[in-house]
Structure formats: structure tokens, C-alpha cells
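Understanding the architecture of this molecule
Each chain is listed here by its residues.
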Amino acid sequence: MIWNVLAGGPKIIDTQTIEWLAKEKQDARINGDEQRANDIWRIEVIIDIWRMYLDAYEKLTLKKEHEDAWNLFAQIEIAISSLRKHFDLQGRYKIELIETSTREFQKLFPYRMFTSRESVIKESKCSICGKIRSLRRPCGHKKGELYFGEMCYRIITDVELLAIAMVKNPVDKYTVIHLADSSYDYKLLDSFIDQMDDPFMQWRVSKIPVKNPKFNNVGRNETCPCGSGIKYKKCCYLSGNDMMDHFQFSLPKDKVSPHLIGNRIVL
Amino acid sequence: MTNSNEVTIKNSDIKFSDLLDSLDPQKPHYEEISKADILILPNDSFRDYKSPLFSEDTESFFTFMKELADNNGVKAEIYMQDENYQEIELHSDEVRLPILIFQYVALPFVINMVSGYINDLMKNRNKGINFKLQSIVQKDSISKKIDYSGSVEDWVKVMETIPNEFWNDDIK
């Protein structure tokens, strides 16, 4: 039973098992058993999601390799999106828990701006059969569907890059912008990660806008503390630049340390 | 995702007959296009790009629409020759469907087809989707253009008001 490979829950699966699965998938293809080949694809994706998540957790906790962890979270999102169409995730193999934790971790990263390419796709081919894709003479393979243990995607063979745009909500989250002579501040993320001792702990974070203390007790007609020289009510009060993000965490009760109130901590 | 929906409904100059007039009858697929109840149109212009471009993933949308149309006796086509088909890929998180023009009689099919396509996309994402769609609906010699941005549930409600909008003289 190939699904037994996943017994016991998330862990790093050894190379020998991964090679065995690849061979089983190859045999299933030779025998024309598409259902088995597709099941092995599902298992392989789950194993990959586990590996990436545990790797990202290690990079955050031990190695402090924040951007590598971010990129793994981005890949996890893509993998789960591919899997969801072909597998009922409901409570199985902790994939939904990983998805939730991934989204929560992403909120704690300081990245706010990304790049996104604008390009004209002139020609692409099918990853399954290699034929050039055509509107009215399709090869029959549909993007995102499974065919004997492989998911169909398109391979772009002719593209014209028009521009690189700066966006807040990119498809490709690994396109983080780095400014010369500056680095990101991971203090919030590091402070939280130090509270964790289990990658599968259930937790949530909410981002609440609160007034920046610098603007407390400033009258609307007073000069804006930002240094613009104009009235507060016409400056940061109007633009909302007087607000800042306040992060509120919800943790399991047994993770509450003495300086926390109830099951919430404020960093 | 935001929950805000934006809708504008205006009279439109675009009509099936004008689209056909600008096509060469000798070109392949002229007959299919001329009989279509629904056509996918390219974007008018994308930053003055030299040739017409279609929204990202129009190919998948066309395949989905064509299969459903064939099964429902509706004629659906795309207003482009295969060799000139190009997509603009913006790589944003936003879902932009291609521009549609359709005959009024095909309205129920369009509502069913677009909501089915978006619901399929949502299965992969585990979250709601805000999408953008420009559509032009023609009844006799009158065309109305509906620009929509928001959730699929509210888009369906908007489209269900279309039968009343055709007699609304306030729309200019």
C-alpha cells in the first residue's frame, strides 16, 4: 500500500523511499495504471510539502536564513494549490495546518513590495506531449490536470518582456525587492519564533492598526511630528501615516509564558 | 482580497456586425466567428502594444467555455486567428477574465459559465477570488458594456439585473 509511506505524519522521507516511489510510478505508467501513477504524484507532492515546511522552520529557528525560509513558504503555497485540485486535504497529513502556518508566518516577514513581470506570451508548449499549444487545435492536455502521474503545465518558448512592475500582491512571492545599502528587520519574526518549539503548533496572528506613539497627544492643528512643516490634520492624520501595525498572537495555553496575559502575547 | 465590488454599466458602440465587418471572410474560422453567440475579444490596447493581446490564461478560459458551449448548443468563439494569438501576462494575484461580447439570449449561459470557471479557480486557492471582467451584451441593435470587479456571487446578482437595464434610459 503506497499510502503507508505517509504513515506517522510529517517528517523528512528518506531518499530510498523517494526513489522507490519514482520507480513505482514508472511501473504504473508502463502498466497503463493512471490511477496509481496519479496517487503516487499526490504522495510525492505531500512529501515535498513536508520537506519544504520542515526546512523553512529550521531555517527560521536555527539558521536564521529568513529569505530562504520565505522562498520555501512561497513554494509551499504553490504546491498546496496544485495538490488541492486533486486531493481532498480535509484534516489529512497536516497539509491544512501547514498552509495556515505558512500564511501566518508570511504575515510576520517585513517584505511589503515585490516585482512582477509584464510580458507577452507568444508561444508555449505542453509539458506532457511537447506540442506547441494552439487555441483551436489543442493537444487535449489541460493545464493543471494530471496525466499518468504528471501535472500538465505550459512551457513558454517565446516571450517578450515588456516591463518589471512593483506590486504589493504578486503571484511570485519570491520576488522580494532589496534596496541597496539597507537590510530588512526580522525582529518581530525572530521574537515570535523563539516562543516556538514545535513546527506544528497551532497559532494565529492578527495585524491591527494602532496609532504610532509618536503621534499621541498631538492636536489636529499642531505641526505634524513627521517634520513636513504642515498641520497634522492635513498631513499624517489625513494620509494615515500616523498608524502602525500591532501584532496580536494567539497561542496554545501550554505555550503561555509568565509575561503573557491569557493566551495572548504582544511583541 | 478586498470585499469591495465595482460595477459600471454604459452604452457601448461595439456590436457583432461591426466586428464581422472588419474581418476578412477568406480567413480561416470566419464562418464560426460570424455565427457565434459569444466571442472572446482581445484587450483594446495594452500600453500601445503593437498587436492585440488577450488576458492571461485566456486559452484555458476558451477551452472551458467551448466545451460547455458545445454541450449546451451555444456557439462560442474567439475573435482571433490561432497564429496571431498572444497573451499579456501581468503576474499579479488578480484574476482578469478576457473581454466577452455576447448576444442577450446567451445571458443565462454566460452567467453559468463564468461562475463555474471562477468557482473552479477557487477550489485551488482555498480563498475567495476577486475577479475583473469586461463584458458587452447586445440585444437587437443595442449594446451595453458592463465593467465589473469583485466577487463572483455579486457578479451574478449584477448580471441578473441586465434584463431590466435594457429599458433603463439613464444609462449613457
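Reading guide: rules and limits
Residues numbered from 1 in each chain as written. Chains lettered and ligands numbered in written order. Predicted model: local features only at pLDDT ≥ 70, side-chain atom pairs only at ≥ 80, totals over all residues. Heavy atoms only, no water. Salt bridge = Lys/Arg side-chain N within 4 Å of Asp/Glu carboxyl O. Helix = DSSP H or I, 4+ residues; strand = E, 2+ residues; numbered from the N terminus. Buried < 20%, exposed > 50% of the residue type's maximum accessible area, 1.4 Å probe, protein only. pLDDT = per-residue confidence, 0-100. Contact = heavy atoms within 4.5 Å. Buried area = accessible area lost by both parts, 1.4 Å probe. Pairing = 2+ DSSP bridges. Axes fitted to C-alpha atoms, helices over the stretch in contact; angles between N-to-C directions. Core = buried A, V, L, I, M, F, W, Y, C linked by side-chain atoms within 4.5 Å. Polar contact = N/O pair within 3.5 Å; in protein donor to acceptor, adjacent residues only side chain to side chain. Phe/Tyr/Trp six-rings, centres within 6.5 Å; stacked < 30°, edge-to-face > 60°. Lys NZ or Arg CZ within 6 Å of the ring centre and 35° of its normal.

A short note on the pattern of salt bridges
Residues and elements named next belong to chain A. In total, this model carries 32 salt bridges over all chains according to the counting rule given. With a closest N to O distance of 3.0 Å, Glu77 and Lys173 form a salt bridge. Highlighted residues: Glu77 in helix H3 (residues 66-84) and Lys173 in the loop between strand E4 (154-167) and helix H5 (187-193), separated in sequence by 96 residues. In this structure Glu77 comes out as partly exposed when scored by relative accessible area, which is 25%. In this structure, Glu160 and Lys122 form a salt bridge, with 3.1 Å as the shortest nitrogen-oxygen distance. With a gap of 38 residues between them, Glu160 in strand E4 and Lys122 in strand E1 (residues 114-126) connect regions that are remote in the sequence. Judged by relative accessible area, Glu160 falls into the partly exposed class, the value being 23%. Classification of Lys122 as partly exposed rests on a relative accessible area of 30%.

Quick word on unusual backbone geometry
For Lys64 of chain A, which is not glycine, the phi torsion reads 55 degrees and is therefore positive. Counting through the fold element by element, Lys64 of chain A comes out in the loop between helix H2 (34-63) and H3. We classify Lys64 of chain A as partly exposed; its relative accessible area is 32%. The phi dihedral of Asp57 of chain B is positive, around 70 degrees, even though this residue is not glycine. You can see Asp57 of chain B is positioned in the loop between strand E2 (38-41) and helix H3 (58-71).

Some remarks on the confidence of the model for chain B
Residue and element names in this part refer to chain B. Averaged over every residue, the pLDDT of chain B is 88; the share at 70 or more is 93%. The weakest mean pLDDT in chain B belongs to helix H6 (residues 162-165) at 74; the strongest belongs to E2 at 97. Here the prediction assigns the complex a pTM of 0.85, and the interface score ipTM is 0.86.

Points about the interface of chain A and chain B
The interface of chain A with chain B comprises 28 residues on the first partner and 32 residues on the second. Here chain A and chain B share an interface that buries about 2,700 Å² over both sides, 43% of which is from carbon and sulfur atoms. Considering only the surface of chain A that becomes buried against chain B, Glu118, Leu135 and Arg136 of chain A emerge as the three largest contributors, covering 28% of it. Between the two partners, chain A and chain B, sit 9 salt bridges.

Quick word on the sheet that holds E4 of chain A
Taken together, 3 strands build an open sheet; the order of strands is E4(A)-E1(A)-E4(B) and the sheet is antiparallel. For this open sheet the edge positions go to E4 of chain A together with strand E4 (87-89) of chain B, each flanked by a neighbour on one side alone. Looking at each pair of strands side by side, their axes are set apart by 25 degrees on average, direction ignored. Both E1 of chain A and E4 of chain B contribute to a ladder of 3 bridges, which runs antiparallel. Across the sheet, Ile121 of chain A pairs through a bridge with Glu87 of chain B, a residue of E4 of chain B.

Structural notes on the nonpolar core
Ile49, Phe73, Leu83, Phe105, Phe109, Phe192 and Trp203 of chain A are the most contacted members of the largest nonpolar core, which has 54 residues in total. Residue assignment for this core shows that the elements contributing at least two residues are H2, H3, helix H4 (95-108), E4, H5 and strand E6 (243-250) of chain A. The element best represented in this core is H2 of chain A, accounting for 14 residues. If we ignore the near neighbours within four places in the chain, the residues touching Trp203 of chain A are Ser101, Glu104, Phe105, Leu108, Phe192, Met196, Phe249, Ser250 and Leu251 of chain A. If you look at the next biggest cluster of nonpolar residues, it comprises 39 residues, including Phe54, Leu100, Val152 and Val156 of chain B.

Re the side chain of Arg154 of chain A
Residue placement: Arg154 of chain A occurs in strand E4. Arg154 of chain A sits in the buried class, given a relative accessible area of 15%. Reaching out from Arg154 of chain A, the side chain makes a polar contact with the side chain of Glu87 of chain B at a distance of 3.1 Å. Residues within four places of Arg154 of chain A in sequence aside, it is in contact with Ile121, Ser124, Lys125, Arg133 and Lys143 of chain A together with Glu59, Glu87 and Glu89 of chain B.

Brief notes about the environment of Lys211 of chain A
Residues and elements named next belong to chain A. Relative to the elements of secondary structure, Lys211 occurs in strand E5 (residues 204-211). According to the relative accessible area criterion, Lys211 is partly exposed, its value standing at 37%. On a C-alpha basis, the gap between Lys211 and Glu145 in space is 48 Å, while along the polypeptide they are 66 residues apart. In contact with Lys211, other than residues within four places in its own chain, are Asn216, Tyr232, Asp242, Met243 and Met244.

Looking at the packing of aromatic side chains
Two measures describe an aromatic ring pair: the distance that separates the ring centres and the angle between the ring planes. According to the stated counting rule, one finds 25 aromatic pairs over all chains in the structure shown. Look at Tyr232 of chain A and Tyr237 of chain A: their rings are 5.6 Å apart centre to centre, the planes differ by 65 degrees, and that puts the pair in the edge-to-face class. Seen from their ring centres, Phe64 of chain B and Tyr117 of chain B are 5.3 Å apart, and the 70 degrees between their planes marks the pair as edge-to-face. Taken together, the residues Phe64 of chain B in helix H3 and Tyr117 of chain B in helix H4 (residues 107-125) connect sequence positions 53 residues apart. Judged by its relative accessible area of 23%, Phe64 of chain B is partly exposed. Directly above the ring of Tyr104 of chain B sits Lys139 of chain B, whose terminal nitrogen or CZ lies 4.6 Å from the centroid.

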